[in-house]
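# Structural overview
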Amino acid sequence: MIQLLTPTHWKDYELIDCGDFEKLERFGNTILIRPEPQAVWNKTLPASEWQRLHHIKFKGRSATSGEWVKKDPKTPDRWHIEYKNKEAAIKFRLGLTSFKHVGIFPEQAVNWDYISQNVKRFKTPEPKVLNLFAYTGGASLIARAAGADTTHVDSIKQVVTWGNENQEISGLKDIRWVVEDALKFVKRELRRGKKYNGIILDPPAYGNGPNGEKWKLEDNITEMMRDVTQLLDPEEHFLILNTYSLGFSSVIVENLIKSSFPQVQNLEIGELYLQATAGPKLPLGVFGKFHKIKSN
């Protein structure tokens, strides 16, 4: 069965409305308007309400950059929010980037819950978790907060530094931070005979490694899946594959996992979405995930 999942523990985030290729979101006490290519329908709330509610709006100059326009110039460029579920609590430093992002993908809280639940259920003491394409580290933080020995890999130094800031404000320590091409790192870990109890992949459609390595999802994901499944501890593990590519369906993700890991147990596939307070559901990627817990 294909699942439709949305976060249930957010207090510091709210999707207020979405439509006409935009979304109105609250991060803590700050309300933003940002572009959203998936929101092809009409807005539910009137334009006057969007104008009244928001503090900052992103105006794009090109497909990859733009500027933030504040109603009040004194509104800060950086602020903190918290995420808390039954197993752990983490904090994020948010900021206004030129790429419309603020340092967090709120729908990923669904996957954070899966990570913390499995880390807590594992019989393995201090299970090893690997987060690939790890961005500012939400999955790394929740794994560490739940008690995992955590390795965070991303090719962009600035976002790894941002992740380290999030570790500090979350009151955590000892995450292993690695700036490297994800596929290269995985191949090196295979040669070293390393094993992990948990692996998280959230690959982009396109990307570049620190030394100019090229990543294209449809060209490289099969090789990546073949390699990462060999890194899994056979006795106790979980794996999450999350993609935000308009050409990928959850059935493709299911086929990728089954072909790479035929012995898969407890496989779940589906789509992540954010539920707007005004009514619409905003689709934000597909996932496949599975786990195995030691029987004794």
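What this report covers is the structure whose coordinates are included nearby.

Scoring rules and cut-offs
- Residue numbering note: each chain is counted from 1, following its sequence as written.
- The predicted nature of this model means local features are confined to residues of pLDDT at least 70 and side-chain atom pairs, given and counted, to a pLDDT of 80 or more, with totals for whole chains, interfaces and linings taken over all residues.
- Where side-chain values are given, they derive from all heavy atoms of the structure, hydrogens and water being excluded.
- Put simply, DSSP marks the helices as runs of H or I at least four residues long and the strands as runs of E at least two long, and each gets a number from the N terminus on.
- Note on contacts: a residue pair qualifies if any of its non-hydrogen atoms lie within 4.5 Å across the two residues.
- In the analysis that follows, any N or O atom pair within 3.5 Å is treated as a polar contact, provided that within protein one partner can donate a hydrogen and the other can accept it, and provided that, for residues neighboring in sequence, both atoms belong to side chains.
- To pair, rings of Phe, Tyr and Trp, with the six-membered ring standing in for Trp, must have centres within 6.5 Å; the planes then decide the type, stacked if under 30 degrees apart, edge-to-face if over 60, and tilted in the middle.
- Burial classes: relative accessible area under 20% of the type maximum marks a residue as buried, over 50% as exposed, and values in between as partly exposed (1.4 Å probe, protein chains only).
- Being paired, for any two strands, means DSSP has found at least two bridges between them.
- With the strands pointing away from the viewer, any crossover whose connection runs clockwise from the first strand over the helix to the second is right-handed.

## So, the environment of R226
Position of R226 relative to the elements: it lies in helix 6 (residues 217-231). For the pair R226 and A146, spaced 80 residues apart in sequence, the C-alpha separation works out to 27 Å. Once you skip the residues sitting within four places of it in the chain, R226 turns out to touch K187 and S260. A distance of 3.4 Å separates a polar atom in the side chain of R226 from a polar atom in the side chain of D227.

## Considerations on the packing of aromatic side chains
Applying the stated criterion to the full structure yields twelve aromatic pairs. For the ring pair W10 and Y83, a centre distance of 4.8 Å and an interplane angle of 65° mean the geometry is edge-to-face. Residue W10 is found in the loop between strand 1 (2-5) and strand 2 (13-19), and its partner Y83 is found in strand 7 (residues 78-84); the two are separated by 73 residues along the sequence. Note on Y114 and F238: the rings are 6.2 Å apart at their centroids and 90° apart in plane angle, and the pair reads as edge-to-face. Here Y114, found in helix 2 (residues 109-121), pairs with F238, found in strand 15 (residues 237-243); they are 124 residues apart in sequence, far enough to count as distant.

## Here we look at the pairing of strand 10 (residues 149-154)
Look at any regular strand and the pattern is simple: side chains alternate between the two faces of the sheet. Burial analysis of strand 10 places five of its six residues in the buried class, the great majority of the element. Inspection of the sheet shows strand 9 (residues 128-132) paired to strand 10 by five bridges, in the parallel sense. Pairing of L132 across the sheet is with V153, part of strand 10. Following the chain from strand 9 across helix 3 (residues 138-145) to the adjacent parallel strand 10, one finds a crossover that is right-handed. Pairing geometry for strand 10 and strand 11 (residues 176-179), over four bridges, is parallel. Opposite V153, over in strand 11, you have V178 as the bridge partner.

Without other data, these values stay purely geometric and don't point to any function.
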